[in-house]
Amino acid sequence: MAGFTSYNDILAAIVANQVITGEATFPGGDEPFTLFKSGPTCQGAGTWMSLWYATGFPAAGVSPAVTPGTAYDDTAGGILFQPDQSPLIKHLLSWGAHSSVQASYLLYDRLVGVAGVALAAPGNQTIESVALPRYTDGIGVCAALEISTPSTAAGTFSLNSYTNEHDAESAGPSFSLPAAVTVLRAWIPVPLKAGDHGIKHASTINMSVVATAAVCTFVLYKPLAVLALPTSCWNEKDLVLQLAALPCIYDGATLALLQMPTATTATTFWSQLRAAYN
Amino acid sequence: MGFTSYNDIINAISVSGKIFDYFFWKSAPVVQAAGQWGSMWYANGEPGAGADPAATPGTQYDNVIASIYAPDCDPETRHGLTFGAVSSQNLSLMLYDRLIGVSGLALGSTGDKNISSSALPRYTDGIGVMAALEITTGSTAAGTMSLSSYTDEHDAGSAGPSFSLPAAATAIRTWVPIPLQAGDHGIKSATTLNVSVAATGGVANFILYKPLVTIPLLANLWNEKDLVLQLSGLPRLYDGHCLALAYLATGTTAPNIYGQLRAAYE
C-alpha cells in the first residue's frame, strides 16, 4: 500500500533509507536537503517576492517560455526531490530555515509559467497556458504575476478568462500592482472569481489601466507550507507531529520559494528540508 | 466514522488523500480602531468577496461562494488540522463558521427591528453560537441597543443587555459582538433588536456564527497552529460549512492577509 499508514510507518521508512536528499544521483541517505538563496531587493514590507531567479543552491531558475509557456517537471532551478517514486508517495517531513532579515517564506510547487505578458499594453493579453503537470484537477492551484520588467505606473488588471476547477469558464475581479513603481521579482497574487477554488488554465488577462513598462511572467502554483523567520534565528517545523500537514511531493515537483519581507533589504536564506516516501 | 488515533490522520492524508489544503488571501477593509473587530466577508481576494445576505428571515449559509469550504463528506467527519497566516499588520485573526445572515437592520432609528432569523443550518442546538452586527453603512452616532428577543440554547425566550457601537463614527465592516443574557451559552434564533438610542445612519447585518480558532499575527511573520497536538482542538467542519474570517485590529491601517487551512476527513 502506497503512503504512510502510521507514524511508525514513517519511522520505518526513514530507517529503511526511503528518504530524499534532493540529489538525483544519490537517492537515499540520511542527510536533509540543504539549500541557500540570495534574494532580490524587495518591494517593501508585505509584498511577496519570488526567489525563482535568486542565485544559490539550487541555482537560479530561468525564464519560462512565452505562451503557451513551460510546464515545470523536475525543472532546473527548482528544489527537486528526485528520483520519481510512483506508485510510492513522497511527503515533506520537516522544514527549517534561517534568514538574514525577518521575513516569512512560502514553499510552493511551481506548475506552469508563461513569460512575456505585457502589462503596459491595453486590452487582452494572451496567456493560453499549457496543461497543469500536477494537481491536474486544479483544486487549490493559485495564480500570480511575477514581475520581470518593473512598472513605472500602477495598473489595473483582471484575469478575465480562465478555466476553473470544475472545467467552467470563469473571470476574476480586478486587482492592481502593489505600487506604481514595482521592483523586479515582485509576486502579485491574482484573485479568482468568488466560489472558484482553483484554476486549471488561463486564457487572457485584461489590462483596464496599463502599468507602464511592466512585463511579467504568469505563474500557476500550489502553496505547500509557510515558515516565519525572525532575523538570523533558525526556525524549523515538523510537518508530521508539530503540524498535521504531511505535504505531498508529487513526482516531477519543482519546488520554489517566495519571501514576504519586512523591509526592502535583500536577504540571504538558508534552509533544510526532509522528505520520505513509502 | 471519525479519527480514532493520530495514525488514522496520517493514513487519511497520505494513503487516502482525504486532505483539504486551502491557501487563502484577503485585502481586508480599514477597521474602526485598535481593539475592534473587522469583518473580511466583503474583502477581495481568495475566496472572493461575499455578497449581502437576504433581508429577514435572512440567508442560511451552506457552502456559499466567497466562503472557505470543502465538499460534503457525510457519513465521514471532517476536522481542521492546521490554521496559519501572515498579515501586513499586527492583529488577531479568527476563523469562524458563518451560519445565518440577516441584512438591512436600520440602526439609525429607535424601536424594535425585526430579525426573525432562519433556523440554524449547523450547530442546531445553538450551543456556542454567537451573534454579531456587521456594519454595512457606517454610523455617525454610537447608539445604544440590545438583542431584546431571542431563543437561547435551551429553547427559552431570552433578552440580552444593552450595548453600543464602538464609536460615534463607526466604520463600514466593523464587527460588533452582541452580548447575550447572563447564563446563556448560545443562541438558536433572534427575533428583534431594540434600538433605544439611534446610531444615526447606521445599517447592519445580523450574523449568527460559530468561532473555530483564533491566532495572533505579528506583521509580516507567519504564525501557524496545529489543531491536533499543539491545540487539542480538532474543530469539526460540518457539511455545508461556510468558513469566513474576522480580525481584531491593532490600528486603522487596512491589512493584507495570506493564510492556509488544512483539514482532513475519515
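Because the structure is a prediction, the values reported are computed rather than measured.

> Report on the overall build of chain B, specifying residues and quantitative values.
Each helix and strand in chain B was counted, giving one helix and 18 strands. Relative to its length of 266 residues, chain B is compact, with a C-alpha radius of gyration of 18 Å against a globular reference of 18 Å. Counting only residues that meet the buried cut, chain B has 58% of its 266 residues in that class. For chain B, contacts bridging at least 24 residues in sequence account for 81% of all contacts bridging at least 6.

> An account of the layout of surface pockets is needed here, citing residue identities and associated values.
The calculated volume of the largest pocket comes to roughly 880 Å³. Of all elements in the fold, only strand 6 (90–99), strand 15 (215–229) and strand 17 (248–249) of chain A together with helix 1 (6–14), strand 1 (19–27) and strand 18 (256–265) of chain B reach the threshold of two or more residues within the lining of the largest pocket. With four residues, the single largest contributor to the lining of the largest pocket is strand 1 of chain B. Looking at the lining of the largest pocket residue by residue, the class counts come to 21 nonpolar, nine polar and nine charged. Of the pockets and cavities examined, the second largest pocket occupies roughly 320 Å³. Every residue lining the second largest pocket is counted, 20 residues in all, and those nearest its centre are Ser176 of chain A together with Trp25, Ser27, Asn256 and Tyr258 of chain B. For the lining of the second largest pocket, the secondary-structure elements that each account for two or more residues are strand 12 (174–176) and strand 13 (187–190) of chain A together with strand 1, strand 3 (44–46) and strand 18 of chain B. In terms of residue class, the lining of the second largest pocket is built from eleven nonpolar, nine polar and no charged.

> Which residues make up the packing of aromatic side chains, and what values go with them?
With the rule as written, the count across this model stands at 19 aromatic pairs over all chains. Ring centres 5.3 Å apart and planes at 80° place the aromatic pair tryptophan 48 of chain A and tyrosine 258 of chain B in the edge-to-face group. In this pair, tryptophan 48 of chain A sits in the loop between strand 2 (33–38) and strand 3 (49–50) while tyrosine 258 of chain B sits in strand 18, so the two residues belong to two different chains. Each member of the aromatic cluster is reached from another via a ring pair, and the members are Phe33, Phe57 and Phe81 of chain A. A cation over an aromatic ring shows up here: arginine 173 of chain B above the ring of tyrosine 42 of chain B, its NZ or CZ 3.7 Å from the ring centre.

> Outline the state of the cysteines, listing residues and values.
Applying the stated criterion to the full structure yields zero disulfides over all chains. Considering cysteine sulfurs only, cysteine 142 of chain A is the nearest to cysteine 248 of chain A, which forms no disulfide, with 17 Å between them. Cysteine cysteine 73 of chain B is unpaired, with the sulfur of cysteine 242 of chain B as its nearest cysteine sulfur at 16 Å. Cysteine 73 of chain B gets classed as buried once you look at its relative accessible area, which sits at 7%.

> Explain helix 1 (residues 7–15) of chain A residue by residue, including any values.
Structurally, the start of helix 1 of chain A carries an N-cap: the backbone nitrogen of asparagine 8 of chain A is 3.4 Å from a side-chain oxygen of serine 6 of chain A. Asparagine 17 of chain A lies just past helix 1 of chain A and shows a positive phi near 65°.

> How would you explain the interface of chain B and chain A if you had to name every residue and give the values?
If you look at the interface, chain B gives 36 residues, while chain A gives 45 residues. Carbon and sulfur atoms make up 61% of the area that chain B and chain A hide from each other, which totals about 3300 Å². Where chain B touches chain A, the interface holds one salt bridge. Among the salt bridges present, the one from aspartate 21 of chain B reaches lysine 222 of chain A, with a minimum N-O distance of 3.6 Å. Summed over the shared surface of chain B and chain A, the number is 13 residue pairs in polar contact (both at pLDDT 80 or more). The set of elements that each furnish at least two residues to the side of chain B that touches chain A consists of helix 1, strand 1, strand 3, strand 5 (78–87), strand 15 (223–226) and strand 18 of chain B. A total of six residues in the side of chain B that touches chain A trace back to one element, the largest contributor, which is helix 1 of chain B. Its residues placed into classes, the side of chain B that touches chain A shows 19 nonpolar, eleven polar and six charged.

> Now, about the side chain of aspartate 226 of chain B: what can you tell me, with residues and values included?
As for its placement among the helices and strands, aspartate 226 of chain B is situated in strand 15. Buried charged residue aspartate 226 of chain B carries no salt bridge. Nearest counter-charge: arginine 262 of chain B, at 7.6 Å. If we ignore the near neighbours within four places in the chain, the residues touching aspartate 226 of chain B are Gln242, Leu243 and Ala244 of chain A together with Leu81, Thr82 and Leu231 of chain B.

> Kindly report on unusual backbone geometry, identifying the contributing residues and their values.
Along the chain, threonine 67 of chain A connects to proline 68 of chain A via a cis peptide bond; the corresponding omega equals 10°. By secondary structure assignment, the location of proline 68 of chain A is in the loop between strand 4 (55–57) and strand 5 (70–71). With an omega of 0°, the peptide bond between glutamate 46 of chain B and proline 47 of chain B qualifies as cis. Mapped onto the secondary structure, proline 47 of chain B falls in the loop between strand 3 and strand 4 (59–60). The phi dihedral of tyrosine 135 of chain A is positive, around 50°, even though this residue is not glycine. Examined against the element boundaries, tyrosine 135 of chain A turns out to sit in the loop between strand 8 (123–126) and strand 9 (142–149). Look at arginine 173 of chain B: it is not a glycine, yet its phi comes out positive at around 80°. In this structure, arginine 173 of chain B sits in the loop between strand 11 (162–164) and strand 12 (174–177). Overall, the relative accessible area of 18% leaves arginine 173 of chain B in the buried class.

Calculation notes
- Residues numbered from 1 in each chain as written.
- Chains lettered and ligands numbered in written order.
- Predicted model: local features only at pLDDT ≥ 70, side-chain atom pairs only at ≥ 80, totals over all residues.
- Heavy atoms only, no water.
- Helix = DSSP H or I, 4+ residues; strand = E, 2+ residues; numbered from the N terminus.
- Rg over C-alpha atoms; globule rule 2.2 N^0.38 Å.
- Buried < 20%, exposed > 50% of the residue type's maximum accessible area, 1.4 Å probe, protein only.
- Contact = heavy atoms within 4.5 Å.
- 1 Å grid on protein atoms, 1.4 Å probe; cavity = no way out; pocket = protein on both sides within 12 Å on 5 of 7 lines; lining within 4 Å.
- Points joined across faces, edges and corners; volume = space filled by probe spheres on them.
- Nonpolar A, V, L, I, M, F, W, Y, C, P; charged D, E, K, R; others polar.
- Phe/Tyr/Trp six-rings, centres within 6.5 Å; stacked < 30°, edge-to-face > 60°.
- Lys NZ or Arg CZ within 6 Å of the ring centre and 35° of its normal.
- Disulfide = S-S within 2.5 Å.
- Polar contact = N/O pair within 3.5 Å; in protein donor to acceptor, adjacent residues only side chain to side chain.
- Buried area = accessible area lost by both parts, 1.4 Å probe.
- Salt bridge = Lys/Arg side-chain N within 4 Å of Asp/Glu carboxyl O.
- Lys, Arg positive; Asp, Glu negative; His and termini not counted.

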